[in-house]
Amino acid sequence: MITRRMAALRLDIPLEMAQRHELPSRMTEAELSAIERNPPAWLVQSRANRTGKKPVWVELHCDVCGFSEAARPKKWWPAFTYLTCDYHGSDELPDPADGMSRTEVDGIGSRFIGIVDEAP
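What comes next concerns the included structure. (Residues numbered from 1 in each chain as written. Predicted model: local features only at pLDDT ≥ 70, side-chain atom pairs only at ≥ 80, totals over all residues. Heavy atoms only, no water.)

1. Comments concerning the overall build of the protein
- Per the secondary structure count, the protein includes 4 helices and 7 strands.
- Ordering the α and β elements of the protein from the N terminus gives β-α-α-β-α-α-β-β-β-β-β.
- Rg of the C-alpha trace for the protein: 18 Å, well past the compact-globule value of 14 Å for 120 residues, more than 25% over.
- In terms of principal-axis extent, the alpha carbons of the protein reach across some 55 × 30 × 20 Å.
- Evaluated residue by residue, the protein yields a buried proportion of 32% over its 120 residues.
- Counted over contacts in the protein with a minimum sequence separation of 6, partners at least 24 positions apart contribute 46%.
- About 7600 Å² of surface is accessible on the protein, with carbon and sulfur atoms providing 51% of the total.
- For the protein, the distance from the average site of its 15 positive side-chain charges to the average site of its 18 negative ones is 13 Å. (Helix = DSSP H or I, 4+ residues; strand = E, 2+ residues; numbered from the N terminus. Rg over C-alpha atoms; globule rule 2.2 N^0.38 Å. Buried < 20%, exposed > 50% of the residue type's maximum accessible area, 1.4 Å probe, protein only. Contact = heavy atoms within 4.5 Å. Areas by Shrake-Rupley, 256 points an atom, 1.4 Å probe, with all protein chains shown as cover. Lys, Arg positive; Asp, Glu negative; His and termini not counted. Charge placed at Lys NZ, Arg CZ, Asp CG, Glu CD.)

2. Quick look at the pairing of strand E5 (residues 82–85)
- Alternating residues of E5 divide into Tyr82 and Thr84 and Leu83 and Cys85, and every residue in both groups is buried.
- Note: E5 against strand E7 (residues 112–118), 4 bridges, orientation antiparallel. By the bridge assignment for E7, Cys85 is matched with Phe112. (Pairing = 2+ DSSP bridges.)

3. A closer look at the sheet that holds E7
- Taken together, 3 strands build an open sheet; the order of strands is E5-E7-E6 and the sheet is antiparallel. Strand pairing shows two members of the sheet lacking a second neighbour, E5 and strand E6 (101–108), which therefore form its edges. Neighbour-to-neighbour, the strand axes of this sheet turn through a mean angle of 25 degrees, independent of strand direction. (Axes fitted to C-alpha atoms, helices over the stretch in contact; angles between N-to-C directions.)

4. Some points on helix H4 (residues 41–49)
- Burial in H4 covers these residues: Trp42, Leu43 and Ser46. The buried residues of H4 occupy an angular sector of 100 degrees when the element is viewed end-on, so they sit on one face. Along H4, exposed side chains directed more than 90 degrees from the buried face belong to Ala41 and Ala48.
- Buried positions along H4 lie against helix H1 (4–11), helix H2 (15–20) and helix H3 (29–37). (Arc of directions from axis to C-beta.)

5. Here's the deal with the state of the cysteines
- For the structure on display, the rule yields 0 disulfides.
- Not part of a disulfide, Cys62 finds its nearest cysteine sulfur in Cys65, a span of 3.7 Å.
- Judged by relative accessible area, Cys62 falls into the buried class, the value being 5%.
- Cys85 carries a free sulfur, and the closest cysteine sulfur to it, the one in Cys62, is 3.7 Å from it. (Disulfide = S-S within 2.5 Å.)

What follows is the structure, given as structure tokens:
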């Protein structure tokens with residue numbers, strides 16, 4: 001069985017859209033394949049309206065342990081130099097390059113901290 005969230009990931013739509021169009025909370029692989037083969041009008045319209053400027057989903061990967069998860073990107077996310085799980089220490093990452101300052105951004109995905117190295 002596939003969850004609604006996994007179906008939204010595979011269809012490349014927001015979870016809110018999956019709920020609004022009443023995709024079931026669990027569906028079989030065959031049911032999802034049928035939607036992919038013969039998309040309903042709302043899905044065709046959604047795909048036609050996409051500008052491609054902002055991805056619907058991004059894959060976040062911890063640069064220390066390799067843990068990954070899919071998340072909806074937020075407008076306020078800067079370009080990260082590194083992503084780490086929130087329980088890793090800063091000593092587990094390379095030091096910033098000479099002349100660069102480092103800031104941490106909490107609240108990325110369910111458990112990530114974004115690391116941004118930039119010139120002061």
